Each structure stands twice: as C-alpha cells, then as structure tokens.
Amino acid sequence: MQIGKETLSLLRNNLRQGDGYTMKISDRLLREYLDHVYWICGGPCGGKSTMTKLLSSKWDMNYYSSDDHTFDYQKKANPQDHPAILRHFIDWEWFFLGRGNDRSHWLNSVFDESVEFIILDLLQMRKEKPIVVDTFMEPAYLREIVNPNRVVYLFAEDDLIRAEYLDRDHLRGMEDLFPNLSDPQRARDETLNTVVRASNHYLQQAEQYQLKWFMRTPLSNKDQMLLEVEKHFGFR
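Residues numbered from 1 in each chain as written. Predicted model: local features only at pLDDT ≥ 70, side-chain atom pairs only at ≥ 80, totals over all residues. Heavy atoms only, no water.

Draft legend 1. Seen up close, the packing of helix α3 (residues 48–59) against helix α11 (residues 222–233). Taken N-terminus to C-terminus, the directions of α3 and α11 make an angle of 65°; their axes are 10 Å apart at the nearest point. Between α3 and α11, the crossing angle belongs to the class labelled roughly perpendicular. Where α3 crosses over α11, the handedness of that crossing is right-handed. When α3 is examined against α11, the residues T50, M51, L54, L55, K58 and W59 are found in contact with a partner set consisting of K222, M225, L226, V229, E230 and F233. A breakdown of the residues in the contact of α3 with α11 according to their chemical character gives eight nonpolar, one polar and three charged. (Axes fitted to C-alpha atoms, helices over the stretch in contact; angles between N-to-C directions. Helix = DSSP H or I, 4+ residues; strand = E, 2+ residues; numbered from the N terminus. Parallel < 35°, antiparallel > 145°, perpendicular 65-115°, else oblique. Left-handed = near helix turned anticlockwise from the far one by under 90°. Contact = heavy atoms within 4.5 Å. Nonpolar A, V, L, I, M, F, W, Y, C, P; charged D, E, K, R; others polar.)

What follows is the structure, given as structure tokens:
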C-alpha cells in the first residue's frame, strides 16, 4: 500500500505527543502501513547497528538508522512541536556536570520528538522491499503500532556497557572532552552510570510490554545473535 500525500499530511498533524505518544489516528491503521517494517531497538552496545546491517545485507532489506537522520530532523523541526530538538546547547561543562542540569530529561525528549520524523520517513519509503530499522523507541509506544513479531530489543550487560560505550565510533571524541572539565572522573562515571540505568529501565519496559529481547554478554557472538533475531522475525 503506497501512502499518499494527503494521508501523510494527516499523519503529520496527528503524530503528536503529550505525555508519551498518544495516537489520534488509528493504531490499527498505522500498524497496517508499517507491516513491512522490522524494528531493532534497545540499549547501547547491544548490537543494534550490527544486527540491522547484517539483516539488510543478507535478506536484501532497505536499511534505516535514525542516527543517520539526526540533522534532517533538526531541519524539519519547529519550536512549538520540537523544543528539545531545537534547544540551545550551552557547553560541555553544563552537559556533564552542571548543577541541576536536566540532561537525561532533555535527551529523552529529543528521542520522543524524533518519533514522528522516523514514522513519516518510513511511510514515505517504497514498499517493494521490507525495511529494517535501527532506532530507539519506547516499548509502550511501539507495542501499540507494531506486530510484536516485527520488533526486538537488544541490550548489553552492565559491565559491557561500561567497557565499550565510550569506545564506539561516534563517541570516541568524548574521552577527549573529560580532561577539560572541572571534575573529569565524576563526569565519566556519571555518564556511564546514567547510560547503564537507562538501559536497565528500557529492559524492564520491554519485559512489561511483552516484547522480545536479547541480552549481549561477553560470550555472545554476532552469528548466534543473528540467528535468534532471524527466528523471531520468522526468516527461518
């Protein structure tokens, strides 16, 4: 089903969030439009990007990563509907160590405000091939609009996150920022503690909403993980 411009306009006007995403348009209808989309979500270091790229290549699927579209979302954002996306960044001292800073709330709001852009992008992609998506999305919201057999959450054990989080390609420069802060060790520790807490929180959410999830451990290997994800998606 190819979606038309009028329907896209309707969706754009209704994909709005109060406290969490509440759809005015039918969840059933959105589920129908997204029935060719497979979602890989979860916490950091769980293997989302690796699994998404492997599936895309192996099964000839279109690939979509929300990380690749961050600046596109900023260009499309407006102050009324997307204040977090457009919020002015103060400086790294405030971000990591500012007294009373609301970093976690701000970043969560950015994720929430990005949802409508992700959905609209997916709806505008052609349906000749299935799409596999590497993104973050709240289990509560995704559970309402997606067949559970089309979504999997990937997480990593706490120690793996602490060991690998700052060594990922797009975060390697962060280690160079810490020495310039007033308390480098506290900034580093609090960053990792926050990430670990968030990962555990969303693991609990995935369990609560009965969505399939896998945990990466030091003994995990990508081939076995790929096999498990493929089984869940019904590819095997």
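Further notes follow.
Draft legend 2. Structural context of unusual backbone geometry. Within the chain, D60 stands out as a residue other than glycine whose phi angle is a positive 55°. One non-glycine residue, Q210, lies in positive phi territory at about 55°. By the secondary structure assignment, Q210 is in the loop between α10 (184–208) and β7 (213–216). Classification of Q210 as exposed rests on a relative accessible area of 65%. (Buried < 20%, exposed > 50% of the residue type's maximum accessible area, 1.4 Å probe, protein only.)

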